Amino acid sequence: MAPQVNLTVTEGILKGKTFRFDGHTLCTVGRSDDCFLHLPNNYAHCTVSRHHCHLDIDPPVIRVRDLGSLNGTFVNGRNIGHRGKRLTPEQASFVGWPELTLKDGDELRVGDTVLRIGIVPRAGSVSHPEDPASCPRSASFDQEWAMSC
């Protein structure tokens, strides 16, 4: 069996829905109609940007990058990126936002929508827990995280 990444909505209007990926997929999450994972463009989702975050899914690997959202993208409760209130969405599009590799069981929150990451390894392979220090992240991610604390 090929490796697979599952995104299961555990909170929000899409609760209970699961998105399954068994091949390389670039996925934008947000309120815009052109987003792969489209959230409603209504008052209940006003904390979600039109183009909120980007998922690079290449099973069994999944990476997330905030796209300059105003309210941030959260992984396991930790804000991994957002634009400052002084930046416009257009200005934010020129910023090189950091990318974070997600692990099995991680929770990704966009507004009030929470997705649980499920990684199904290739049949016959052994899954080893990843050392957080070995996750590929840019140096700017660590610098931004340190400055926001």
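Residues numbered from 1 in each chain as written. Predicted model: local features only at pLDDT ≥ 70, side-chain atom pairs only at ≥ 80, totals over all residues. Heavy atoms only, no water.

Peer 1: I'd like a rundown of the overall build of the protein, residues and numbers included.
Peer 2: Along the backbone of the protein there are 2 helices and 11 strands. The linear arrangement of helices and strands in the protein, starting from the amino end, is β-β-β-β-β-β-β-β-α-β-β-β-α. Considering the protein as a whole, with its 149 residues, one finds that 38% of them fall into the buried category. Taking all contacts inside the protein whose residues are at least 6 apart in sequence as the whole, residues at least 24 apart take part in 53%. Carbon together with sulfur atoms contributes 52% to the accessible area of the protein, which is approximately 8,500 Å² in total. (Helix = DSSP H or I, 4+ residues; strand = E, 2+ residues; numbered from the N terminus. Buried < 20%, exposed > 50% of the residue type's maximum accessible area, 1.4 Å probe, protein only. Contact = heavy atoms within 4.5 Å. Areas by Shrake-Rupley, 256 points an atom, 1.4 Å probe, with all protein chains shown as cover.)

Peer 1: Account for the environment of Pro40, with residues named and values stated.
Peer 2: Topologically, Pro40 is positioned in the loop between strand E4 (37–38) and strand E5 (53–58). Spatially, the C-alpha atom of Pro40 lies 8.7 Å from that of Ile13, the residues being 27 residues apart in sequence. Discounting chain neighbours no more than four positions away, the residues touching Pro40 are Ile13, Arg31 and His45.

Peer 1: Explain the side chain of Ser32 to me, using residue names and the numbers behind them.
Peer 2: With respect to the helices and strands, the residue Ser32 is situated in the loop between strand E3 (25–30) and E4. Residue class for Ser32 comes out buried when judged on its relative accessible area of 16%. Sequence-distant contacts of Ser32, that is, excluding residues within four places in its chain, are made with His38, Arg50 and His51.

Peer 1: Account for the sheet that holds strand E6 (residues 61–66), with residues named and values stated.
Peer 2: Reading across from one edge, E4-E3-E5-E6-E9 is the order of the 5 strands in this open sheet, with mixed pairing throughout. Edge positions in the open sheet fall to E4 and strand E9 (99–102), since each of these has one partner strand only. Alignment of E3 against E5, held across 5 bridges, turns out to be antiparallel. Of the residues in E5, the one forming a bridge with Thr28 is His54. (Pairing = 2+ DSSP bridges.)

Peer 1: Could you give an account of the packing of aromatic side chains, with specific residues and numbers?
Peer 2: In the structure shown here, the tally under the stated rule is 1 aromatic pair. Look at Phe21 and Phe36: their rings are 5.8 Å apart centre to centre, the planes differ by 45°, and that puts the pair in the tilted class. With Phe21 in strand E2 (residues 18–21) and Phe36 in the loop between E3 and E4, this residue pair connects regions lying 15 residues apart in the sequence. Relative accessible area serves as the criterion here: at 4%, Phe21 is assigned to the buried category. According to the relative accessible area criterion, Phe36 is partly exposed, its value standing at 47%. (Phe/Tyr/Trp six-rings, centres within 6.5 Å; stacked < 30°, edge-to-face > 60°.)

Peer 1: Can you tell me about the pairing of E5, naming the residues and giving the values?
Peer 2: Taken together, the 6 bridges between E5 and E6 define a ladder with antiparallel strand orientation. When the bridges of E6 are listed, Asp56 appears paired with Arg63.

Peer 1: Could you give an account of the pairing of strand E11 (residues 113–120), with specific residues and numbers?
Peer 2: Burial within E11 is extensive, with 6 of its 8 residues counted as buried. Pairing analysis gives 7 bridges linking strand E1 (residues 4–11) to E11, with the strands arranged antiparallel. By the bridge assignment for E11, Val5 is matched with Ile119. Bridging between strand E10 (residues 107–110) and E11 involves 4 bridges; their strand directions are antiparallel. Bridging from a neighbouring strand, Val110 pairs with Thr113 of E11. Count of turn residues in the E10/E11 antiparallel hairpin: 2 residues, of which Gly111 carries a positive phi of about 60°.

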